[in-house]
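Each chain, written out:
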Amino acid sequence: MTDPTAGPRHELAAKLTTAGALQSPAWVSAFEQVSRHLFAPTCWHRTATGLEHLDSTTPEQRDHWLAVCYSDVPLVTQVDSSGTATSASSQPSVMAIMLEALDVTTGTTVLEVGTGTGYNAALLCHRLGDDRVHTVEYDQALSTTAAAALAQAGYHPAMRVGDGAEGWPEQGPYDRIIATYGTERIPPTWLRQCTPGGVIVANLGLGVIALHVDQHGHTASGRFLSRAAFMLSRADPAAAMIPDAAFDPGVLCDGSPADAPPDLRADSFVAWLHLRYPGIAQITIPGPNGTGDQAEHIYANRMGSWARVGHGQVIQVGPVWRDVHNAHTRWVRAGRPEVEQLGLTVRDDGHHTLWVDNPSSTQRWNLTP
């Protein structure tokens, strides 16, 4: 019987290759052979009007569901009782970039932190073999579902339920570590569980970074590869951090005139802000017709401070706008670096240094824990 997903799988791999996300024949083959739809039987697809729910068991949806599964888009695969997304199948092009950055060869051992749907683990198993792949998931229900989907696809990596920040020391060390969720800082445990000369690929702040561990195993350093945002290791607290009052234009708080910089929405600054101040959540309210000219920016931190910036003024409670303004000033002084110009050096004691262009640059900043 002809496999109806063979064509879509090959088409997706071809698109990722044309886009430059896939480069090596081995990873092209993995994307051609591993079925993504098995890991997203029910999902939500973001459209211009909101999240579209797709269910593979609904006959009239099946063709559309398959088409979406083999599109280069992220898929929400789990939501909580409030409707907040708690797990997703990442955008395939971002997955491809991260897997290529691992720079694996036959015999490489990999620790994946964040099993999620299991699709990324399946790609790793196809490339390296089940016995070379270890994967950790915090959510017991997700791990159980992922294990079933992996078995259906024919893969059986070593699996564990636990906190990904702790890794899996009993099975280490590993030649490569890949994190499939967003983290504010690189846990020292990852560095300690990675072999000297190994590679750690993760989503830090709003960028994907590949860190190369030195030959002593105490320091890792590398550049950001691209901009991307993954779900945090717990449900993303950003929405909960921003109070309803921040969205009310009539709220009475401390107000002052402000000339908000026009580049607050710039991807490179937003990524910079999340690296310098990972505890700040940010939402942009577009201007009329989606324009940025009259956009408003809302910032909040975990201490309850928030600020609404736009229309020539700042309405604020607490010091969060001061932090945002200071971050913007430093970003401008650094030459408004793009995400790909930034890099990190991380030590196994948890110390992080952000730099521009190269590790020995004079433009270096210590990041707060």
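Preceding block: the structure.
What you see is a predicted model, and the numbers here were worked out from it, not measured in a lab.

Student: Sorry, what's going on with the packing of aromatic side chains here?
Tutor: For any two aromatic rings, the description comes down to two numbers: the centre-to-centre distance and the angle of the planes. The final tally for this structure, using the stated rule, is six aromatic pairs. A centroid spacing of 6.4 Å and a plane angle of 70° characterise the contact between Tyr-181 and Trp-190, whose relative ring orientation is edge-to-face. The same class applies to Tyr-181 as to Trp-190, namely buried. Ring centres 6.2 Å apart and planes at 40° place the aromatic pair Tyr-299 and Trp-321 in the tilted group. Pair noted here: Tyr-299 is in strand β14 (residues 296–301) and Trp-321 is in helix α10 (residues 320–333), with a separation of 22 residues, a long-range link. Each member of the pair, Tyr-299 as well as Trp-321, is classed as buried.

Student: Please explain the pairing of strand β15 (residues 306–310) as it appears in this structure.
Tutor: Looking down a regular strand, the side chains alternate between one sheet face and the other. With respect to burial, β15 is a largely interior element, five of its five residues being buried. Judged by which residues are buried, β15 turns out to be covered on both faces: Trp-306, Arg-308 and Gly-310 on one side and Ala-307 and Val-309 on the other are all buried. Pairing between β14 and β15: four bridges, direction antiparallel. Residue His-297 lies in a different strand from β15, and its bridge partner there is Val-309. Counted along the chain from β14 to the antiparallel partner β15, the turn is four residues long, and its residue Gly-304 has a positive phi close to 95°. Of the strand pairs in this sheet, β15 and strand β16 (residues 313–317) are connected by five bridges, and their pairing is antiparallel. In the sheet register, Arg-308 faces β16, and the bridge partner there is Ile-315. Where β15 folds back on β16, the antiparallel hairpin that results is connected by two residues, among which His-311 adopts a positive phi of roughly 55°.

Student: For this particular structure, what's the right way to read the packing of helix α2 (residues 25–33) against helix α5 (residues 119–128)?
Tutor: Two measures define how a pair of helices packs: the angle their axes make with one another and the distance between the axes. The contact between α2 and α5 brings their axes to 9 Å, and the two run at 125°. Put simply, α2 runs oblique to α5. For the crossing formed where α2 meets α5, the hand is right-handed. When α2 is examined against α5, the residues Ala-26, Trp-27, Ser-29, Ala-30, Phe-31 and Gln-33 are found in contact with a partner set consisting of Tyr-119, Leu-123, Leu-124, His-126 and Arg-127. Per-class residue counts for the contact of α2 with α5 are seven nonpolar, three polar and one charged.

Student: Would you mind showing me how to read the layout of surface pockets here?
Tutor: Picture a little ball the size of a water molecule; that probe, rolled over the atoms, points out where space is still empty. Roughly 260 Å³ of volume is contained in the second largest pocket. What lines the second largest pocket is a set of 17 residues, and nearest its centre among them are Leu-38, Phe-39, Ala-40, Pro-41 and Thr-145. Sort the elements by how many residues they give to the lining of the second largest pocket and helix α6 (residues 140–153) lands first, with six residues. A class-by-class count of the residues in the lining of the second largest pocket yields nine nonpolar, eight polar and no charged.

Student: Hey, could you run me through the pattern of salt bridges in this one?
Tutor: Any two side chains of opposite charge can pair, on the condition that their charged atoms come close. Counted by the stated rule, this structure contains six salt bridges. As a salt-bridge pair, Arg-302 and Glu-184 come within 2.6 Å of each other at their nearest N and O atoms. Residue Arg-302 is located in the loop between β14 and β15, and its partner Glu-184 is located in the loop between β8 (174–183) and α7 (188–193); the two are separated by 118 residues in the primary sequence. Given a relative accessible area of 28%, Glu-184 falls into the partly exposed group. Between Glu-296 and Arg-308 there is a salt bridge, and its shortest N-O distance comes to 2.6 Å. One end of the pair, Glu-296, is in strand β14; the other, Arg-308, is in strand β15, with twelve residues separating them in the sequence. Across the pair, Arg-308 and Glu-296 agree in class, each one buried.

Student: Would you mind going over the sheet that holds strand β11 (residues 219–227) with me for this structure?
Tutor: Across a sheet, strands are paired by hydrogen bonds formed along the backbone, either parallel or antiparallel in direction. If you trace the ten strands from one edge of the open sheet to the other, you get β7-β6-β5-β8-β9-β10-β11-β17-β18-β19, paired in mixed fashion. Here the strands that pair on one side only, and so sit at the sheet edges, are β7 (158–161) and β19 (364–366). In this sheet, adjacent strand axes meet at a mean angle of 20° when their direction is disregarded. Helix-sheet contacts for helix α4 (residues 92–102) involve β5 (110–113), β8, β9 (194–204), β10 (207–213) and β11, and the interaxial angle to β9 is about 165°. Most of the contacts of α6 go to β7, to which it runs at about 165°, and overall it touches β6 (133–137) and β7.

Student: Got a minute to help me understand the packing of helix α9 (residues 267–276) against α10 in this structure?
Tutor: Two elements in contact, α9 and α10, have axes whose closest approach is 10 Å; the angle formed by their N-to-C orientations is 120°. One way to sum up the angle between α9 and α10 is to call them oblique. Relative to α10, α9 is oriented so that their crossing is right-handed. Contacts between α9 and α10 involve Ser-268, Phe-269, Trp-272, Leu-273 and Arg-276 on the former and, on the latter, Val-324, Ala-327, His-328, Arg-330 and Trp-331.

Student: Sorry, what's going on with α2 here?
Tutor: Note on helix geometry: an α-helix contains 3.6 residues per turn, so any two residues three or four positions apart are oriented the same way. Every buried residue belonging to α2 is among Trp-27, Val-28, Ala-30 and Phe-31, and all of these are buried. Each buried residue of α2 lies within a common arc of 160° when the element is viewed along its axis, so the set occupies one face. Against the buried residues of α2 lie α1 (6–18), α4 and α5.

Conventions and cut-offs
Counting starts from 1 at the beginning of each chain's written sequence and moves along it residue by residue. In keeping with the model being predicted, local features are shown solely for residues with a pLDDT of at least 70 and side-chain atom pairs are shown and tallied solely at 80 or more, while totals for entire chains, interfaces and linings include all residues. Excluding hydrogens and water, the side-chain values take into account all heavy atoms of the structure. Geometry of aromatic contacts follows a simple scheme: Phe, Tyr and Trp rings, the Trp one being its six-membered ring, pair when their centres are within 6.5 Å, and the pair is stacked under 30 degrees between planes, edge-to-face over 60, tilted otherwise. Partly exposed describes any residue whose relative accessible area lies between the buried limit of under 20% and the exposed limit of over 50%, with all areas from a 1.4 Å probe on protein chains only and scaled to the type maximum. Numbering goes from the N terminus for both helices and strands, where a helix is a DSSP run of H or I of at least four residues and a strand is a run of E of at least two. Pairing between two strands requires that DSSP report at least two bridges joining them. Orientation is described by lines fitted to C-alpha atoms, with helices fitted over the stretch in contact, and by angles between N-to-C directions that extend from 0 to 180 degrees. By the definition adopted for this analysis, an angle is roughly parallel if under 35 degrees, roughly antiparallel if over 145, roughly perpendicular if from 65 to 115, and oblique otherwise. Helix crossings are classified by the rotation of the near helix relative to the far one: an anticlockwise turn of less than a right angle makes the crossing left-handed, while a clockwise turn makes it right-handed. Two residues form a contact once any of their heavy atoms are found within 4.5 Å. Following the grouping adopted for this structure description, the nonpolar residues are Ala, Val, Leu, Ile, Met, Phe, Trp, Tyr, Cys and Pro, the charged ones are Asp, Glu, Lys and Arg, and the polar ones are all others, Gly among them. Computed over the protein atoms alone on a 1 Å grid, cavities are sets of points where a 1.4 Å probe fits but cannot get out and pockets are open sets with protein on both sides within 12 Å along at least five of seven lines; a residue lines them when it has an atom within 4 Å of a point. Grid points are joined across faces, edges and corners, and a volume is the space filled by probe spheres set on the points. Any Lys or Arg side-chain nitrogen found within 4 Å of a carboxyl oxygen on Asp or Glu counts as a salt bridge. Taken from the helix axis, the directions to the C-beta atoms give the arc we talk about.

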